[in-house]
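Here's the letter readout for the chains.
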Amino acid sequence: MGSNQPFTDDVVRVQVAIRGAVQGVGFRPFVYRLAQELGLCGWVNNSAAGVLAEAEGAAPTVQAFVRRLEADRPEISIIQSLEATFLDPIGYAGFEIRESTGGEKRALVMPDLATCPACVAEIFDPGNRRYRYPFTNCTNCGPRFSIIAALPYDRAATTMHRFAMCEACAHEYQDPSDRRFHAQPNACPACGPQLALWNGNGREIARQHDALVAAAEAIRAGKVVAVKGLGGFHLMVDARNECAVRELRTRKRREEKPFALMAPSFELALTCCSASDIERRLLRSPECPIVLLPRLPGATGLAAAVAPGNPTLGVMLPGTPLHHLLLRELGFPVVATSGNLSEEPICTDEHEAVERLRGIADVFLVHDRPILRHVDDSVVREVCGRELVLRRARGFAPLPIQLDNVLTPVLALGGHQKNTIAAAVDQQVFISQHIGDLENEGSLQAFKSVIGAFKSLYDFTPEAIACDVHPDYLSTQYAEKTGLPLVKVQHHHAHILSCMAENHLRPPVLGIAWDGSGLGSDGTVWGGEMLHVTSAGFRRVAHMRPFLLPGNAKAVREPRRVALAILYEIFSDKAFTLDLPVVRAFTATELGPLQTMLRQRLNTPTTTSAGRIFDAFASLLNLRQVASFEGQAAMELEFALAGTKDDNSYPYVIRDESDALWMDWEPVVRAVMTEPVSDPGIVSARFHNTLVDMAVEVAKRMGEKNVVLSGGCFQNRYLTERMVSRLRASGYRPYWHQRVPPNDGGLALGQIMAAQLQGEMRKD
Ligand SMILES: [Zn+2]
Ligand SMILES: [Zn+2]
Ligand SMILES: [Zn+2]
């Protein structure tokens, strides 16, 4: 996939934050020598948070620098986390080791880290006292964020406080030369947490290694096993077993949304997927995320129901000793999906899991190390030759995003879907783990407890609260009850500010915010917006031509309704008699009421949503008429162009209307209707290309050099890569997301930035 355009800015700057055992081990001189060897300019220093470095030079050399930081590091150093952000060059001369930054030493809560190679070796060594022990960890790996109740990070302040260390463990813990010196969750089979297998009613049926073997047997037999991991439960089934995967779908009420896979090893992961250098690094990184990888054509052995019709697979490797042992025992990939029912938060407690996952899991592989807070699997993909984090959770949360200025303490509460919260502390923004859609009591409780945890972990007292403008969002309603000064931020403005923040950009910029929906300043549903963002706020300079959403939420679930509404805009009542798949997708008794709805605008809001336009075209192409999850139709439109190389576009019109420029999709609809192409991949490519053409045309009329891409539509790799290369070809500087999701998971960061800019304006 991808538009096959090279992503070579001439010169780039990368900022790298490296955390782990990287201080006092010759890491700074190593970075210095590496930069010298590659001829890069910049600096390296030690900060409270670890080693921070910036390097500037030719883009491929800078990429090599990032790769070699990890590959060639000093032998005794351990990298627990490496986050690289590509930024504009600022013209460094030479490379220097800078003085360590002083300032407040703020203890950083580390994320949960994948098991290190030394610990993996121990659990598979029959001669080691931790042979087959599923809770093995050391200073360089293991649980952190999910078990820490308070700072300072001591065993007493973790959920490990209930386990008294045995003599051997205590000895390691006190020995400065030991790998487990002050490893707070240190444990062994004699003194630490234990594994058990419970039946569907929560009755113990096996213990310790027998429990693991029995769980593996259950998976082999096609059963659904709930496994208590690091930040919550997974549901696992044999990924090769079509019946088992289908059964899990039925029980979890998840019809088609792709499942993630856990592969026993890196080598086995690569038997079903291909992976670039960046993707290979991500798979094996301490963050251990789900990496979206292109499926190898002709790869067999996986059940079709794992990710139906999807040319990519979400793959992760085992991240804990328990998962290593289980997957080694199995020797084949398993589906590993979060242990919850549809959109509820994942289960973290085994007793609660037995209740909530009753009827879903056949058996429960559990342990007695409590999980203090839920942390889902993170999701990443490669876009434009860089990492793009789509869900920031295990392995990343709660590491901060580093900014250039000291910030006023603001707490941002995010949006409604894919909710996260964020706190501005000093020069950093701490973004919470993925909380989820604030739709049910469970996720609202999780939201409240994350806010509480943030305040206590960071000893943080906000001066103001930032939230969305939508009065119905539970996050907005919560903000209103705090009694603190509120900064309400328009949804798409927040998206653009979020992307600006992680790219260290100052206004003015032209922002392209394309997503499903957010409340606009005029009371309609926005989502296909182009905003001129200045320090004073924003002006809506262009948007998709408005259309109607008959049935509102129902139209989100039924792309055919959106397609019909778009046809209704063009053809009025004639739309209902057109000989098209979308019209035939309705029964006559369904069409009548829809016509009335559209005519009388009953429960039919106006929208400019780009996400819905993707849905409409998926319906016009008869790829998807009714969706089983949000974003499915748009995803399938992206899938349709896999492997297609078509550089053409459809005609379009930019209309100069009284409120803004309108990006008019009507010629695109007409072209798709009158020039039917048998290959939906070609139509999909041309559709994507046309949207990009329209945005570039608006950018040309605006003349603002910096163009910022945000919103859920930019999870789409083809769209993002095409937009970036086309903007560059026209002389613009495009910016997109890297460490923070383009979807609503990034809103909280943007809301923080809006509050900062408002504060600056008041001071002037
Ligand atoms: Zn370790
Ligand atoms: Zn012990
Ligand atoms: Zn959004």
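Residues numbered from 1 in each chain as written. Chains lettered and ligands numbered in written order. Predicted model: local features only at pLDDT ≥ 70, side-chain atom pairs only at ≥ 80, totals over all residues. Heavy atoms only, no water.

Colleague: Mind laying out the confidence of the model for the protein chain, listing which residues take part and the relevant values?
Modeller: Taken residue by residue, the protein chain gives an average pLDDT of 93. The fraction at 70 or more is 98%. Scored below 50 in pLDDT, residues 1-6 makes 14 contacts in the model with residues more than four places away or belonging to other chains. (pLDDT = per-residue confidence, 0-100. Contact = heavy atoms within 4.5 Å.)

Colleague: Lay out the environment of Arg655 with the relevant residues and their values.
Modeller: Within the fold, Arg655 resides in strand S28 (residues 653-656). Taking the C-alpha atoms as reference points, Arg655 and Arg545, separated by 110 residues in sequence, lie 8.7 Å from one another. Leave out the neighbours within four places in its chain, and Arg655 touches Arg545, Ala660, Leu661, Trp662 and Asp664. Reaching out from Arg655, the side chain makes a polar contact with the side chain of Glu657 at a distance of 3.2 Å. (Helix = DSSP H or I, 4+ residues; strand = E, 2+ residues; numbered from the N terminus. Polar contact = N/O pair within 3.5 Å; in protein donor to acceptor, adjacent residues only side chain to side chain.)

Colleague: Before we move on, could you go through helix H21 (residues 680-702) and cite the residues and values that matter?
Modeller: Within an α-helix, residues lying three or four positions from one another point in the same direction, as the helix has 3.6 residues per turn. With 23 residues, H21 should cover 33 Å at 1.5 Å per step; its first-to-last C-alpha distance of 33 Å lies within 8% of that length. Where H21 begins, the side chain of Asp679 points an oxygen toward the backbone nitrogen of Gly681, at a separation of 2.8 Å. Residue Gly703 follows H21 closely and has a positive phi angle near 75°. (Expected span 1.5 Å × (residues − 1).)

Colleague: Outline the packing of aromatic side chains, listing residues and values.
Modeller: By the definition in use, this model includes 12 aromatic pairs. Judged by centre distance (5.9 Å) and plane angle (20°), the ring pair of Trp514 and Phe714 falls under stacked. Residue Trp514 is found in strand S23 (residues 509-519), and its partner Phe714 is found in the loop between strand S30 (706-710) and helix H22 (717-729); the two are separated by 200 residues along the sequence. Of the residues examined, Phe714 reaches a relative accessible area of 3% and is grouped as buried. Taken together, a centroid distance of 6.1 Å and an interplanar angle of 70° make the contact between Tyr568 and Phe576 edge-to-face. Judged by relative accessible area, which is 9%, Phe576 ranks as buried. (Phe/Tyr/Trp six-rings, centres within 6.5 Å; stacked < 30°, edge-to-face > 60°. Buried < 20%, exposed > 50% of the residue type's maximum accessible area, 1.4 Å probe, protein only.)

Colleague: Describe in detail the sheet that holds strand S20 (residues 428-431), supporting the description with residues and values.
Modeller: Ordered in space as S17-S20-S19-S18-S21-S22, the six strands form an open sheet in which the pairing is mixed. Two strands in the sheet have a free side with no partner beyond their single neighbour: strand S17 (400-402) and strand S22 (486-489). Taken over all neighbouring pairs, the strand axes of this sheet differ in orientation by 20° on average, direction set aside. (Pairing = 2+ DSSP bridges. Axes fitted to C-alpha atoms, helices over the stretch in contact; angles between N-to-C directions.)

Colleague: Outline the state of the cysteines, supporting the account with residue identities and numerical values.
Modeller: Throughout the structure, instances matching the rule amount to zero disulfides. Unpaired in this structure, Cys713 has its nearest cysteine sulfur neighbour in Cys499, at a distance of 14 Å. (Disulfide = S-S within 2.5 Å.)

Colleague: Which residues make up the pattern of salt bridges, and what are the values?
Modeller: Within this structure, the stated rule accounts for 49 salt bridges. Two residues, Glu122 and Arg179, come together in a salt bridge whose shortest N-O distance is 3.2 Å. With Glu122 in helix H3 (residues 117-123) and Arg179 in the loop between helix H4 (167-174) and strand S6 (195-199), this residue pair connects regions lying 57 residues apart in the sequence. Note that Glu387 and Arg739 form a salt bridge whose closest N and O atoms lie 3.0 Å from each other. Residue Glu387 is located in strand S16 (residues 386-391), and its partner Arg739 is located in the loop between strand S31 (733-735) and helix H23 (747-763); the two are separated by 352 residues in the primary sequence. Residue Glu387 shares its accessibility class with Arg739, and that shared class is buried. Here the salt bridges share partners, and the residues they tie into one network are Glu70, Glu83, Arg281, Glu387, Arg392 and Arg739. (Salt bridge = Lys/Arg side-chain N within 4 Å of Asp/Glu carboxyl O.)

Colleague: With reference to specific residues and values, describe the nonpolar core.
Modeller: Counting residues in hydrophobic clusters, the biggest one holds 107 residues, and the most contacted among them are Leu326, Leu365, Trp514 and Met530. Listed in part, the 45 residues of the second largest apolar core include Ala269, Leu283, Val380 and Phe396. (Core = buried A, V, L, I, M, F, W, Y, C linked by side-chain atoms within 4.5 Å.)

Colleague: Summarise the coordination of the zinc ion (ligand 2); cite the residues concerned and give the values.
Modeller: Binding of the zinc ion (ligand 2) to the protein goes through Cys166 (SG), Cys169 (SG), Cys188 (SG) and Cys191 (SG), at separations of 2.2 to 2.3 Å. Along the chain, the residues that donate to the zinc ion (ligand 2) are spaced as C-x2-C-x18-C-x2-C. Residue Cys169 is found in helix H4, and its partner Cys188 is found in the loop between H4 and S6; the two are separated by 19 residues along the sequence. (Donors = N, O, S within 2.8 Å, 3.2 Å for Na, K, Ca; no water.)

Colleague: Quick one: what's the story with the packing of helix H13 (residues 491-502) against H23, residue by residue and with numbers?
Modeller: Relative to each other, H13 and H23 sit at 90°, their axes nearing to 7 Å. In this view, H13 runs roughly perpendicular relative to H23, as classed from their interaxial angle. Residue-level contacts link His491, Ala494, His495, Leu497, Ser498 and Ala501 of H13 to Leu747, Leu749, Gly750, Gln751, Met753, Ala754 and Leu757 of H23. (Parallel < 35°, antiparallel > 145°, perpendicular 65-115°, else oblique.)

Colleague: Tell me what's going on with the sheet that holds strand S11 (residues 290-294), and back it up with residues and numbers.
Modeller: Strands sit in the order S7-S6-S14-S8-S9-S13-S10-S12-S11-S15-S16 across an open sheet of 11 strands; the sheet is mixed. Both outer strands of the open sheet, strand S7 (204-207) and S16, are each paired with one neighbouring strand and no more. On average, each strand axis in the sheet is inclined to that of its neighbour by 35°, with strand direction left out of account. Direction of pairing for strand S15 (residues 379-383) relative to S16: antiparallel, over a ladder of five bridges. From the neighbouring strand, Val380 faces S16, where its bridge partner is Val389. Along the sheet, helix H6 (residues 242-252) makes contact with strand S9 (233-238) and strand S13 (334-338), crossing S9 at roughly 145°.

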